[in-house]
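The chain contents come next:
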Amino acid sequence: MEYERQYEQYRLAVEEYLNGLFTGSAAYGRLYEAMRYSVLAGGKRIRPVLTLEFARLGGADWRTALPYACALELVHNYSLIHDDLPCMDDDDLRRGKPTNHKVYGETLAILAGDALQPEAFRLIAQAPGLSAESRIAAAEVLAKAAGADGMVGGQVLDTLHHPSAQDELTEVHHLKTGAMIAGACMLGVGAAGGSEAARKAAEDYGYQLGLAFQIRDDMLDVIGNADEFGKPIGSDKDEGKVTYVDRLGLDDCGKLIHELTEQAVSAVSDLDQDGFLTALAESLERILVEHFGPRIEVVARRIAAVENMAEIGITVAGFDLRNQAALLVERPAFEDHRVERFVVGGRVDVHVGKRRGDQLRSGETLIEEFAPAQFIDEVFGNHLARAV
């Protein structure tokens, strides 16, 4: 696909640029090593990719925007180093590797994060081929996105104010996640000398995408696995944090991601000439479907094997997986009684009429009959086995 080819081109350019940073020799060389450890630890590089794409859409050579894109990525990585510290989230794993302080100790981890932040502004100040006005504006965008009225403000609310209501969670993620993603988009518009209308569209897109991104992470913290997603699963619950999953449930979280994705796509409808931004936004939903699909198919096949079951239609986390499962029982005995929902969340339910004449009873739980707890444990993990 063109989207995937373009995304990979952006990602590789970002990796090459970042790999050229902090390579000097000095008495404090271990600081460089600690900085590079986190900066080069991988990841999808969504934020710098957005900067480059908005620059391209504005008519610029996207390569000129690499200093802006990578400046924001340095700030993002400083925040991850500090987030993982014992005084913050106290995480041992990030992107499938030990967190910075587990490798270099807390003191050097803090200093590595401290160093990444000013180095980001050095990249902007020295960006070749961009006007002084553009660089000043870019520094202001990044400072606002990352500072007291952006990411750090969101971190304060998240760690010290214990948000629990949905509007409180939205404010936290608007600042903590949305501000940086919106900032990445606006940096691209600035690199291209774009209009105020383009800047506003980029900001709206970034904030909607940022909230969808955070809700997806909340969901994956419940149903993901550490090997696949490169970080501890269930850490929010362990820390006593309230998330969107707690407030809405997995099913409605999936629906909200869909709504936010549509709003993000609508915001850039006049700019998104090649559909790249649409494809990127929709990839958040696709990741969830791809994650659930194979597991649901296994469960669906097991349920379908039960005698006298009718056509199976499955909805998980707001996504209709009928196409992924696409299963019909060979002998659909009861056309008027179908499996209505298979919901992954606080409980696992299969709603079905077992014999002709039965009425569907919303909430009827038959999963133990069709798939015992040890099978659910095998397919979905211990947290679901305990919930059944």
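Attention here is on the structure that accompanies the text. Everything numeric here is computed off the predicted structure, so don't read it as measured data. (Residues numbered from 1 in each chain as written. Predicted model: local features only at pLDDT ≥ 70, side-chain atom pairs only at ≥ 80, totals over all residues. Heavy atoms only, no water.)

1. Some thoughts on the packing of helix H6 (residues 132-146) against helix H8 (residues 166-191)
Interaxial distance between H6 and H8 falls to 9 Å at its minimum, and their mutual angle equals 175°. In terms of their interaxial angle, H6 and H8 are classed as roughly antiparallel. For the pair H6 and H8, the contacting residues are Ser134, Ala138, Val141, Ala145 and Ala146 in the first and Ala179, Met180, Gly183, Met186, Leu187, Gly190 and Ala191 in the second. For the contact of H6 with H8, a count of residues per class yields nine nonpolar, three polar and no charged. (Axes fitted to C-alpha atoms, helices over the stretch in contact; angles between N-to-C directions. Helix = DSSP H or I, 4+ residues; strand = E, 2+ residues; numbered from the N terminus. Parallel < 35°, antiparallel > 145°, perpendicular 65-115°, else oblique. Contact = heavy atoms within 4.5 Å. Nonpolar A, V, L, I, M, F, W, Y, C, P; charged D, E, K, R; others polar.)

2. Overview of empty space enclosed by the protein
Taken as a whole and assessed by the stated rule, the structure comprises one cavity of 30 Å³ or more. Put simply, the largest cavity is a space of about 110 Å³. In this structure, the largest cavity is lined by 14 residues; those nearest its centre are Ser38, Asp84, Arg94, Thr99 and Asn100. When residues of the lining of the largest cavity are traced back to their parent elements, those giving at least two are helix H2 (29-39), helix H4 (66-83), strand E2 (97-98) and helix H5 (100-125). The residue makeup of the lining of the largest cavity, split by class, is five nonpolar, five polar and four charged. (1 Å grid on protein atoms, 1.4 Å probe; cavity = no way out; pocket = protein on both sides within 12 Å on 5 of 7 lines; lining within 4 Å. Points joined across faces, edges and corners; volume = space filled by probe spheres on them.)

3. Observations regarding the pattern of salt bridges
Side chains that differ in sign of charge can pair as their charged atoms come close. For the structure on display, the rule yields 18 salt bridges. Arg122 is paired through a salt bridge with Glu119; the nearest N and O atoms lie 2.7 Å apart. Residue Arg122 and its partner Glu119 are located together in helix H5, separated by three residues, close to a single helical turn. Overall, the relative accessible area of 43% leaves Arg122 in the partly exposed class. With its nearest N and O atoms 2.8 Å apart, the salt bridge here joins Asp158 to Lys176. Of the two residues, Asp158 sits in helix H7 (residues 151-160) while Lys176 sits in helix H8, which places them 18 residues apart along the sequence. (Salt bridge = Lys/Arg side-chain N within 4 Å of Asp/Glu carboxyl O. Buried < 20%, exposed > 50% of the residue type's maximum accessible area, 1.4 Å probe, protein only.)

4. Looking at the environment of Gln208
Inspection of the secondary structure assignment puts Gln208 in helix H9 (residues 196-223). Taking relative accessible area as the criterion, Gln208 reaches 22% and is therefore assigned partly exposed. Linking Gln208 and Ala264, residues 56 residues apart in sequence, is a C-alpha distance of 5.3 Å. Those residues in contact with Gln208 that lie beyond four places of it in its chain are Leu260, Gln263 and Ala264.

5. Let's talk about the packing of aromatic side chains
Scanning all chains against the criterion turns up nine aromatic pairs. Arranged with centres 5.7 Å apart and planes meeting at 75°, the rings of Tyr10 and Phe276 form a pair that is edge-to-face. Placement of the pair is Tyr10 in helix H1 (residues 2-19) and Phe276 in helix H13 (residues 276-304), with a sequence separation of 266 residues. By relative accessible area, which is 4% here, Phe276 ends up buried. (Phe/Tyr/Trp six-rings, centres within 6.5 Å; stacked < 30°, edge-to-face > 60°.)

6. What about the side chain of Asn100?
With respect to the element layout, Asn100 can be found in helix H5. Accessibility expressed as a relative area gives 3% for Asn100, which makes it buried. Only 3.0 Å separates the side chain of Asn100 from the backbone oxygen of Ala34, close enough to count as a polar contact. A distance of 2.8 Å separates a polar atom in the side chain of Asn100 from a polar atom in the side chain of Ser38. Residue contacts for Asn100: discarding those within four places in its chain leaves Ala34, Tyr37, Ser38, Ile81, Gly105 and Ala109. (Polar contact = N/O pair within 3.5 Å; in protein donor to acceptor, adjacent residues only side chain to side chain.)

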